[in-house]
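Residue-level listing of the chains:
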Amino acid sequence: MPCIPALGLLSIACVAFGQTEDYPVPPPIPSAADTLVGAYYFPGWNGPEQWYCIKASPETQHPLLGYYPEGDPIVADWHIKWALEHGVSFFAYDYYIRSGAEMLSQGLEGLLASRYVDRFRFCLTWCNHAPAEEMTAGELELFSDVVIDKYLRHPSYLRIEGKPVVMILAGYSFVKTLGVDGAKAAFTRLDERCKDAGLGGVYLVFCEGEITSEQAVQDSFSAGAQAFCLYNYPYAGTKISGPTERGEASYEHLIAQGEGLWKHWSGITGGRFWPTVM
């Protein structure tokens, strides 16, 4: 869950525009907050077959909303309501696109069709899991072709310094493939396209846990990144190396690991880091 310190929340009206008595979701009543807090949103729950792993585990926490069909605007409104009332002001949607073709976009479609979207914020976390060599200027151009008009121009899209926030899970892959100058040219092109669309440019955040050297961080900044964040850290401080291994850790353990990661990344990024809480 990325947190952006030193940024105040915009005031959000609580008037129920167009509310009808039979609408099942009451208007959200946002909690007071002095820090902008967001939550990652993985879109994978659009049908009964997606819920099998949750249903099969009695030890797992089951959704308060039930096994909902993602993409339903009413579901999105419940998510918005509960988020705002618990201090969460935006969702960073895991966004899947390859060669210009979107995947798993039902959650975003439900959000954009929801009644309370005007009281909330969202941004994209581009989950570019493809091999680094596929992260080319052409792939970034295809990404831009879709997202600028469809998402970045939306009135509820998250902006920092007046620019839409685009998070890239493997942003450093562009630096690996194109070099610093090539990646900078590609990201400058995205920035220019956003300016041409009246958006003031783009605010790039690399959501990257694979970088281990300060040089790689500095190269990322030189290429156009403006901040870093992490997605999660379930194996930090354990002997577990992947999802095929089973293990448990206390929440106190995760807090300690998270604090260590915040300090490390804040140090190597000069404070340009969004802390993540699991």
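In case you missed it, the structure is sitting above this.
Residues numbered from 1 in each chain as written. Predicted model: local features only at pLDDT ≥ 70, side-chain atom pairs only at ≥ 80, totals over all residues. Heavy atoms only, no water.

Caption draft 1: Structural detail: the packing of aromatic side chains. Enumeration according to the criterion identifies 23 aromatic pairs in this entry. Aromatic rings pair up to connect Y95, W126, F143, Y151, F174, F187, F206, F221, F228, W265 and F273 into one cluster. The lysine or arginine in question, K55, covers the ring of Y67, its NZ or CZ lying 4.9 Å from the ring centre. Above the face of the Y23 ring, R115 is positioned so that its terminal group lies 3.8 Å from the ring centre. (Phe/Tyr/Trp six-rings, centres within 6.5 Å; stacked < 30°, edge-to-face > 60°. Lys NZ or Arg CZ within 6 Å of the ring centre and 35° of its normal.)

Caption draft 2: Spotlight on the pattern of salt bridges. On inspection of all chains with the given rule, the structure shows 9 salt bridges. Across the pair R98 and E134 runs a salt bridge, and its minimum N-O distance is 2.7 Å. Here the residue R98 occupies a position in strand β3 (residues 90–98), and E134 occupies one in the loop between β5 (121–126) and α4 (137–152), the gap between them amounting to 36 residues. Judged by relative accessible area, which is 41%, R98 ranks as partly exposed. Here E134 falls in the partly exposed class, since its relative accessible area comes to 32%. Among the salt bridges present, the one from R193 reaches E141, with a minimum N-O distance of 3.2 Å. Of this pair, R193 sits in helix α5 (residues 172–196) while E141 is found in helix α4, placing the two residues 52 residues apart along the sequence. Residue class for E141 comes out partly exposed when judged on its relative accessible area of 25%. Through salt bridges with shared partners, a single ionic network connects E141, D145, R189 and R193. (Salt bridge = Lys/Arg side-chain N within 4 Å of Asp/Glu carboxyl O. Helix = DSSP H or I, 4+ residues; strand = E, 2+ residues; numbered from the N terminus. Buried < 20%, exposed > 50% of the residue type's maximum accessible area, 1.4 Å probe, protein only.)

Caption draft 3: The state of the cysteines, seen in detail. The full count for this structure, using the stated rule, is 0 disulfides. Unpaired in terms of disulfides, C53 finds its nearest cysteine sulfur in C127, a separation of 17 Å. With relative accessibility at 38%, the residue C53 sits in the partly exposed group. Take C123: it sits in no disulfide, and the sulfur closest to it among the cysteines is that of C229, at 8.8 Å. C123 gets classed as buried once you look at its relative accessible area, which sits at 0%. (Disulfide = S-S within 2.5 Å.)

Caption draft 4: Main features of helix α2 (residues 73–84). Between its first and last C-alpha atoms α2 spans 16 Å; for 12 residues at 1.5 Å apiece the expected length is 16 Å, and the two agree. Across the 12 residues that make up α2, a large majority, 9, are buried. Restricting attention to buried positions, one finds in α2 the residues V75, A76, D77, W78, H79, I80, K81, A83 and L84. Of the surrounding elements, those touching the buried residues of α2 are β2 (36–41), β3 and α3 (106–112). Of the residues that open α2, the one with a side-chain oxygen 2.9 Å from the backbone nitrogen of I74 is D72. (Expected span 1.5 Å × (residues − 1). Contact = heavy atoms within 4.5 Å. Polar contact = N/O pair within 3.5 Å; in protein donor to acceptor, adjacent residues only side chain to side chain.)

Caption draft 5: Highlighting the pairing of β3. When you tally the buried positions in β3, you get 8 out of 9 residues, the bulk of the element. In the sheet, β3 pairs with β5 via 6 bridges, with the strands oriented parallel. What sits directly across from Y95, in β5, is W126. Where β3 and strand β4 (residues 101–103) come together, 3 bridges link them in antiparallel fashion. Within β4, the position partnered with Y96 by the bridge is M103. (Pairing = 2+ DSSP bridges.)

Caption draft 6: How the structure looks around the layout of surface pockets. Computed from the structure, the largest pocket encloses a volume of approximately 1600 Å³. Taken together, 31 residues form the lining of the largest pocket, with Y40, F42, W45, I54 and Q61 sitting closest to its centre. Of all the elements in the fold, those that place two or more residues in the lining of the largest pocket are β2, α2 and α7 (251–268). Of the pockets and cavities examined, the second largest pocket occupies roughly 400 Å³. Considering the residues around the second largest pocket, the lining is formed by 15 residues, among which L169, G209, E210, Y231 and N232 are closest to the centre. Looking at the lining of the second largest pocket residue by residue, the class counts come to 9 nonpolar, 3 polar and 3 charged. (1 Å grid on protein atoms, 1.4 Å probe; cavity = no way out; pocket = protein on both sides within 12 Å on 5 of 7 lines; lining within 4 Å. Points joined across faces, edges and corners; volume = space filled by probe spheres on them. Nonpolar A, V, L, I, M, F, W, Y, C, P; charged D, E, K, R; others polar.)

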